[in-house]
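Spelled out from the first residue to the last, the chains are:
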Amino acid sequence: QVQLVESGGGLVQPGGSLRLSCAFSGFTFSTYAMSWYRQAPGKERELVARITSAGGVTNYADSVKGRFTISRDNAKNTVYLQMNSLKPEDTAVYYCKAVTIKVTGRFDYWGQGTQVTVSS
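Overview of the structure. (Residues numbered from 1 in each chain as written. Predicted model: local features only at pLDDT ≥ 70, side-chain atom pairs only at ≥ 80, totals over all residues. Heavy atoms only, no water.)

Next up on the list: the sheet that holds strand β7 (residues 68–73). Pairing within the open sheet is antiparallel, and its four strands lie in the order β1-β3-β8-β7. The sheet terminates laterally at β1 (3–7) and β7, the two strands that pair on one side only. Averaged over all pairs of adjacent strands, the angle between their axes in this sheet comes to 15 degrees, without regard to strand direction. By the bridge criterion, six bridges tie strand β3 (residues 18–25) to strand β8 (residues 78–83) in an arrangement that is antiparallel. Bridge pairing links Ala 23 to Thr 78 in β8. (Pairing = 2+ DSSP bridges. Helix = DSSP H or I, 4+ residues; strand = E, 2+ residues; numbered from the N terminus. Axes fitted to C-alpha atoms, helices over the stretch in contact; angles between N-to-C directions.)

This is the structure:
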């Protein structure tokens, strides 16, 4: 069973930075595409960024392009989200997601989330 544990959230002032980490365990990390999602109060969960299993391709939501960077270290079984120039509207619970496709089907796993609050 895959387990995902996010860390690095907290309170930061507008314009500040945070780096989120998501530690993966259970299976072979390098076979999973990884994503970060977020959910603000009263809103639907939305995709923030994703990265392919080998790390060669990344995609971002328009709202975070140029400010956030997703990366992974397959030797450490960890995916990161570097968040710069944070805005109050970035306030949300941030979730890590792992996805793999096997012969037996598609498998999605979620972490428990980490709170990011951007406020002065």
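On to the nonpolar core, then. Ranked by internal contacts, the top residues of the largest apolar core, which has 30 residues, are Leu 4, Met 34, Trp 36, Val 79, Leu 81, Met 83 and Tyr 94. Where this core is concerned, the elements lending two or more residues are β3, β4 (33–39), β5 (46–51), β7, β8, β9 (92–102) and β11 (114–118). (Core = buried A, V, L, I, M, F, W, Y, C linked by side-chain atoms within 4.5 Å. Buried < 20%, exposed > 50% of the residue type's maximum accessible area, 1.4 Å probe, protein only.)

So, about the environment of Thr 78. The topology assignment puts Thr 78 in strand β8. Under the relative-accessibility criterion, Thr 78 is labelled buried at 10%. Polar side-chain contacts of Thr 78 include one of 2.8 Å to the backbone oxygen of Lys 76. (Polar contact = N/O pair within 3.5 Å; in protein donor to acceptor, adjacent residues only side chain to side chain.)

Only one face of β11 is covered, namely the one carrying Thr 114, Val 116 and Val 118; the face carrying Gln 115 and Thr 117 has none of its residues buried. Pairing analysis gives three bridges linking strand β2 (residues 10–12) to β11, with the strands arranged parallel. Bridged to Val 12 within β11 is Val 118.

Here the focus is the pattern of salt bridges. Evaluation of the coordinates by the stated rule reveals six salt bridges. Of the charged contacts, one joins Arg 38 and Glu 46 as a salt bridge, the two residues approaching to 2.7 Å between their closest N and O atoms. You can call Arg 38 buried: its relative accessible area is 6%. Glu 46 sits in the partly exposed class, given a relative accessible area of 35%. The shortest N-O distance in the salt bridge between Asp 108 and Arg 106 comes to 2.8 Å. On the accessibility criterion, Asp 108 (32% relative accessible area) is partly exposed. Relative accessible area serves as the criterion here: at 53%, Arg 106 is assigned to the exposed category. If you follow the salt bridges from partner to partner, you end up with Arg 38, Glu 46, Arg 67 and Asp 90 in one network. (Salt bridge = Lys/Arg side-chain N within 4 Å of Asp/Glu carboxyl O.)

Our next topic: the packing of aromatic side chains. Counted by the stated rule, this structure contains five aromatic pairs. Summarising the aromatic geometry, the rings of Tyr 37 and Trp 110 are spaced 4.9 Å apart at their centres and angled 65 degrees between planes, so their arrangement reads as edge-to-face. Here Trp 110 lies in strand β10 (residues 105–110) and Tyr 37 lies in strand β4, a separation of 73 residues in the sequence. On the basis of relative accessible area, Tyr 37 is assigned to the buried category, the value being 15%. Trp 110 sits in the partly exposed class, given a relative accessible area of 35%. With centroids separated by 6.4 Å and ring planes inclined at 85 degrees, the aromatic side chains of Tyr 95 and Trp 110 adopt a geometry described as edge-to-face. (Phe/Tyr/Trp six-rings, centres within 6.5 Å; stacked < 30°, edge-to-face > 60°.)

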